[in-house]
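Summary of the model geometry
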Amino acid sequence: MSRGLVADIAVVATYEMQQALRKRLLIVLLLGYAAATGVAHWGFVQGLKELEGQAATAMGVARTERPGILIAEVLKSSELRRFLGDLVGDSSRLDALLDVPVLALWSGAVAMVLLPVFLMTGTSTTVSVEVETRSIRFLALRTERLPIVLGKFVGQLVMGVLAGLTGVIVTELVGLILMVQVPPLGLAIGSLEHMARAMVFALPYAGLGLCVSQWLARANVARVVAMIVLVAVTIANPVLDAYSDATLLGRLADLTRLFLPGTGWGDVWGDDPLALALTTARSVVVTLAWVALGYWRFDRRDL
Amino acid sequence: MTGAPVVERSQGAALTLVGIDRRFGRAVALDGLSFAVPQGSICALVGENGAGKTTTLGILAGFLTPDSGSVDVLGLGPYHVATHRGRVGILPQDAELPTESTPAELLYAWARLQGLDPGAARRSASTCLDSVLLGDRAHQRVATLSHGMRRRLTVASALVGDPELILLDEPTSGLDPAQARHLRDVLATRRGRATVVISSHNLPELESLCDHVVILEKGRCLRADRMDAVTGRDRELCVHLAPPFPPGREAIVHLRLPPDDPRELPEATSELLRDLLGEGARIVEVRRGGALEERYFSADR
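Reading the values: rules and limits
- Residues numbered from 1 in each chain as written.
- Chains lettered and ligands numbered in written order.
- Predicted model: local features only at pLDDT ≥ 70, side-chain atom pairs only at ≥ 80, totals over all residues.
- Helix = DSSP H or I, 4+ residues; strand = E, 2+ residues; numbered from the N terminus.
- Expected span 1.5 Å × (residues − 1).
- Buried ≥ 20, exposed ≤ 12 C-beta atoms within 10 Å, placed from the backbone.
- Domains from an automatic or database assignment.
- Contact = placed C-beta atoms within 7 Å.
- Nonpolar A, V, L, I, M, F, W, Y, C, P; charged D, E, K, R; others polar.
- Pairing = 2+ DSSP bridges.
- Axes fitted to C-alpha atoms, helices over the stretch in contact; angles between N-to-C directions.

Moving on, we come to helix α9 (residues 265-278) of chain B. All names here are of chain B. With 14 residues, α9 should reach 20 Å at 1.5 Å per residue; the first-to-last C-alpha distance of 20 Å fits that figure. Of all 14 residues making up α9, only zero are buried, and the element is barely covered by its neighbours. Count one or two residues on from α9 and you reach Gly280, which has phi positive near 85°.

Right, dumping it as structure tokens:
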């Protein structure tokens with residue numbers, strides 16, 4: 001990548017962030033993200049509280065108002081282990097993953113649901129709104145279309161990281177307020193680590209959103225189409241997975257899944273650095289493939 | 001009315017369009033459009049709504065691709081960022097400004113994308129904002145600016161980085177008379193330093209500012225010439241007399257120098273006025289040529 005291209009991407013990304021940070025929509029989305037994370041965590045804590053209550057009864061000790069004291073006992077429960085095993089796709093990974101507070105693990109799963117929605121909402125309109133209002137002309141006169149797209153993408157990813165960090169803060173607050181004996185630093189580090197895993201998982205959704213944004217010149221249409229695509233992908237993944245076998249149809253289903261966002265849910269929980277690096281690389285390649293598919297159209301369109 | 005001029009790529013032209021066709025679906029926007037604009041001139045682009053002015057500017061700035069024909073911008077071929085970056089500024093007629101940024105942030109970002117270093121970009125942004133009288137609004141969000149202020153900001157965006165070619169689509173639309181006059185003064189300072197193309201329906205304004213004019217109709221060029229030639233200011237004179245008129249004279253005396261007449265207009269004017277005064281005529285007004293508006297609506301334009 002040339003120095004000029006990188007410099008232009010940086011200018012466009014800064015421009016994108018300046019715009020986004022002052023929009024009420026971003027504040028609403030971040031508040032929505034925080035609220036959704038808070039509600040999901042509250043539900044999880046209620047579940048833990050119930051399980052701790054059962055454990056306390058079995059041990060003949062008093063129930064506590066806030067869960068956390070008997071978390072080691074609760075984590076031995078087959079019910080919770082099955083639930084967490086399903087969450088990370090493979091229960092054999094669970095012990096390695098539980099060296100951080102269980103709430104951090106849960107926060108990663110919540111981020112893997114919320115970040116794709118957040119990123120697709122932002123990326124699906126970032127180009128189309130500028131094409132619709134023709135403000136793209138102020139940029140297109142001055143730089144190539146590729147740095148415009150990549151700069152906007154980088155800007156949106158920064159917004160995604162901001163949303164993820166909002167989730168980490170909510171997780172920390174929930175751990176401190178609704179639970180006891182949760183190490184604050186361990187929870188923060190754990191939820192940051194799982195937020196990063198969630199970003200790897202969500203990245204292809206951002207690419208898919210940007211693809212939609214480059215194809216459609218009406219921002220509202222692009223937003224609706226992106227949400228329909230998000231739902232379609234969510235449904236398509238398990239359906240294609242069910243078809244996965246050695247037949248031609250099965251191989252075709254596997255090939256399709258290679259390029260679909262949302263296929264690496266289990267992979268991002270792994271603790272093998274090489275496997276994680278490969279998962280990240282695959283995620284980046286799929287993301288760039290979607291961005292490139294959108295760019296094919298954007299590069300040819302009248303502005 | 002003259003036929004469409006035959007245009008070839010010529011030296012000294014900042015812009016040359018040859019045989020440009022452009023359709024939007026079934027609608028023909030440009031139909032074999034050809035004209036050239038001399039370097040360093042301030043050129044008026046006039047024509048009724050739908051004549052193809054905005055499409056022409058879009059093609060010149062690389063926003064639209066012509067279906068056929070050739071375009072040359074600043075002797076470097078059709079507009080491409082790689083070759084023209086920072087050399088062309090445009091005020092797009094219907095492009096909305098990003099409302100959440102401030103004028104200073106926008107102009108700085110655009111100047112950086114034009115290749116200016118951070119210091120030069122900041123200085124250029126500041127100079128341009130001052131030139132359109134927006135220096136005191138530099139750090140206000142665009143959303144809080146009035147329509148006229150936003151218009152002036154888009155003009156500043158076309159001037160940032162001191163480009164060689166400035167394309168302006170309706171630059172004074174929505175401005176009050178004082179702001180419009182100030183803007184004309186700003187643009188006049190670019191004469192000779194840059195080529196300026198102004199698309200507008202305000203013909204008196206264009207006549208006072210421009211030295212070249214291109215008249216479009218239904219996607220074709222009806223006439224592209226010097227303003228003096230179109231208005232007749234270099235070959236025509238109109239003298240208004242007060243009664244009683246000298247024998248054989250009427251209230252208005254026209255003088256039109258034929259192309260083969262070797263005399264210059266000042267010389268012919270002197271001779272005519274000398275004759276009229278000798279005949280005892282009382283002269284009320286002497287006017288060179290006709291108004292652009294008159295010529296635009298007249299059959300021969």
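Having seen the structure, we can now continue with the description.
All names here are of chain B. Segmentation of chain B into domains returns domain 1 (13-230) and domain 2 (232-297). Relative placement of domain 1 and domain 2: their C-alpha centres are 37 Å apart. Taken together, the contacts link 10 residues of domain 1 with seven residues of domain 2. Listed by contribution, the elements that provide at least two residues to the side of domain 1 that touches domain 2 are α7 (203-209), β8 (212-217) and α8 (227-231). At four residues, α7 tops the list of elements feeding residues into the side of domain 1 that touches domain 2. Looking at the side of domain 1 that touches domain 2 residue by residue, the classes come out as eight nonpolar, no polar and two charged.

Moving on, we get to the sheet that holds strand β2 (residues 27-38) of chain B. Each strand in a sheet pairs with its neighbour through backbone hydrogen bonds, running either in the same direction (parallel) or in the opposite one (antiparallel). All names here are of chain B. Read from one edge to the other, the open sheet built from three strands follows the order β2-β1-β4, with strand pairing classed as antiparallel. At either margin of the open sheet sits one strand with a lone partner, and together these are β2 and β4 (68-73). The mean inter-strand angle of the sheet, taken between neighbouring strand axes irrespective of direction, is 15°. Bridging between strand β1 (residues 13-24) and β2 involves nine bridges; their strand directions are antiparallel. Bridge pairing in β2 links Ile20 to Leu33.

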